[in-house]
Amino acid sequence: MWSHVFFSAPHRVFFAGGLIQVLLALGFWCLELAVRLGGVSLPWSLPATWLHGGMMLYGLFTWFILGFLTTALPKWMNHGPLVQAEYLPPFLLLALGALVWDLGFLWPRLILPGTLLSALGLLLAAGVLLRVTLRGEGGREHALLVLVTLVAGAIGLVLHGLAVQGLDVRLQAAAVVLGVWCFLLPLFFIVLHRMLPFFVASTLPGTQVWRPLSLLYLMLACLLGHGLLQLAGWNTAATDLPAFLVACVCLVRWGFRRSLGVPMLAMLHWGWAWACLALGLQAMQSLLQLGGVSWGGLAPLHALGLGFFLSVLMGMGTRVTRGHSGRPIAEDAWGWRCFLVLQGAVVLRLLGEFLPLGGLMNFLAVLVASAAFLLWAAIHGPMYYRARPDGQPG
């Protein structure tokens, strides 16, 4: 039965839920931007940007993060795979939280309980992964750092729910800062620092695994420092410049040029290239602010969100989905095509920040991104409820 297959591995349930949330989040924002172009405003009882920001930061990435970590972290620790009693309770809490949260778009009082349930699911999963980390035999540095970011994500979820409940602008701003600089960006960097050099070395002969912990700690200090400075209302140039330089060093040392000929590697490398651009734009923006110049708008944020986060999500999601469904990773031509469509959406969104007709370009960017994930879902979504063709479990 499909249900027996669907619940047989953690990546199946979490990725499927995340895919639904991605399509809902992009569809919601596409509708909002479309009616704005027509000069009409939908009767949301909350600011649409709050709904959009909360969903994009906390409502969809959490699913894919947990799907990846519940699959990969036990392997990092030389631990056996999780059993259903360990990953299904967090999944069910996250699913219930998502349902309540999504209904909150129509009835705002439901958003707080929805975010609380989601935060509880996230913390429960973090507890399971902590036990695996403490029992495991591998190096614990990356695993423990990832778990700290999960706690930050849970705190951000609660802050967003409280901000919506009380229409508190400062709490909402804090939730956004926490979501970007203390949750998603550090977590994605930790995972890439752990996995991308390994992927490159195992795919391209003659390449060594390069992932010094000193560089990891330096980057995390810069990202956390940015978050703290922004929360305090201070300029962030002192942390943005070193973060940009570290990102560029990693881009080169992780073999960006050599990896472009391998689609599964290129997807992750292009994602990191967007992070480099985003951190560069952020550094330039903060430097100009020292001189009283306002420049760049939301370009750094969307280079991170649409460029880095969603690109890596699609790249890593493709790799895990195919690899753990018994299908050859290298044979996925459609995943690469979906990824290229998504890159067009990123370009449109960034150009919309600087060129005329920005509203139209922003709408087209979300429309193109939606098309990319719809196509990706049509191809990869059925793999979550179909048995592995090689007959292996999981």
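One structure accompanies this document, and this report is about it. (Residues numbered from 1 in each chain as written. Predicted model: local features only at pLDDT ≥ 70, side-chain atom pairs only at ≥ 80, totals over all residues. Heavy atoms only, no water.)

1. With respect to the state of the cysteines
Going through the model one piece at a time under the given rule, you end up with zero disulfides. Free of any disulfide, Cys-222 has its nearest cysteine sulfur in Cys-250, 11 Å distant. Distance from the sulfur of Cys-276, which forms no disulfide, to the nearest cysteine sulfur (Cys-248) is 4.7 Å. According to the relative accessible area criterion, Cys-276 is buried, its value standing at 5%. (Disulfide = S-S within 2.5 Å. Buried < 20%, exposed > 50% of the residue type's maximum accessible area, 1.4 Å probe, protein only.)

2. Regarding the packing of aromatic side chains
Any aromatic ring pair is given by two values, namely how distant the centres are and how the planes are angled relative to each other. On inspection of all chains with the given rule, the structure shows 25 aromatic pairs. A centroid spacing of 6.1 Å and a plane angle of 50° characterise the contact between Phe-198 and Phe-199, whose relative ring orientation is tilted. Summarising the aromatic geometry, the rings of Phe-308 and Phe-309 are spaced 5.3 Å apart at their centres and angled 40° between planes, so their arrangement reads as tilted. Classification of Phe-308 by relative accessible area gives buried; the value is 0%. What links up through ring pairs into an aromatic cluster is the set Phe-61, Phe-188, Phe-189, Trp-254, Trp-272, Phe-308 and Phe-309. The ring of Phe-199 carries the charged tip of Arg-319 above its face, separated from the ring centre by 3.7 Å. Just above the ring of Trp-334 sits the side chain of Arg-337; from NZ or CZ to the centre is 4.6 Å. (Phe/Tyr/Trp six-rings, centres within 6.5 Å; stacked < 30°, edge-to-face > 60°. Lys NZ or Arg CZ within 6 Å of the ring centre and 35° of its normal.)

3. Considering the pattern of salt bridges
In the structure shown here, the tally under the stated rule is four salt bridges. Of the charged contacts in the structure, one is a salt bridge between Glu-32 and Arg-36, with a shortest N-O distance of 2.9 Å. With Glu-32 and Arg-36 both in helix α2 (residues 10-37) and four residues apart, the pair spans about one turn of that helix. We classify Glu-32 as buried; its relative accessible area is 6%. Note on Arg-36: relative accessible area 40%, which makes it partly exposed. One salt bridge connects Arg-349 with Glu-353, and the closest N-O pair in it is separated by 2.9 Å. Given the relative accessible area of 26%, Glu-353 is considered partly exposed. (Salt bridge = Lys/Arg side-chain N within 4 Å of Asp/Glu carboxyl O. Helix = DSSP H or I, 4+ residues; strand = E, 2+ residues; numbered from the N terminus.)

4. Let's talk about helix α14 (residues 333-351)
With 19 residues, α14 should cover 27 Å at 1.5 Å per step; its first-to-last C-alpha distance of 28 Å lies within 8% of that length. Residues of α14 that are buried include every one of Gly-335, Cys-338, Phe-339, Leu-342, Gln-343, Ala-345, Val-346, Arg-349 and Leu-350, and no others. End-on view of α14: buried residues confined to an arc of 160°, all on one side of the axis. Of the surrounding elements, those touching the buried residues of α14 are α12 (263-290), α13 (299-323) and α15 (358-380). (Expected span 1.5 Å × (residues − 1). Arc of directions from axis to C-beta. Contact = heavy atoms within 4.5 Å.)

5. Notes on a nonpolar patch on the surface
Side chains of Leu-37, Leu-357, Leu-360, Leu-364 and Leu-367 sit close together on the surface and give an oily, nonpolar patch of about 430 Å² of accessible area. It is α15 that provides the largest number of residues to the nonpolar patch, a total of three residues. Among the secondary structure elements, Leu-364 is positioned in helix α15. Judged by its relative accessible area of 31%, Leu-364 falls in the partly exposed class. (Patch = residues over 30% accessible without salt bridge, like charges linked within 9 Å, V, L, I, M, F, W, Y side chains within 5 Å. Areas by Shrake-Rupley, 256 points an atom, 1.4 Å probe, with all protein chains shown as cover.)

Read these as geometric descriptors, not functional statements.
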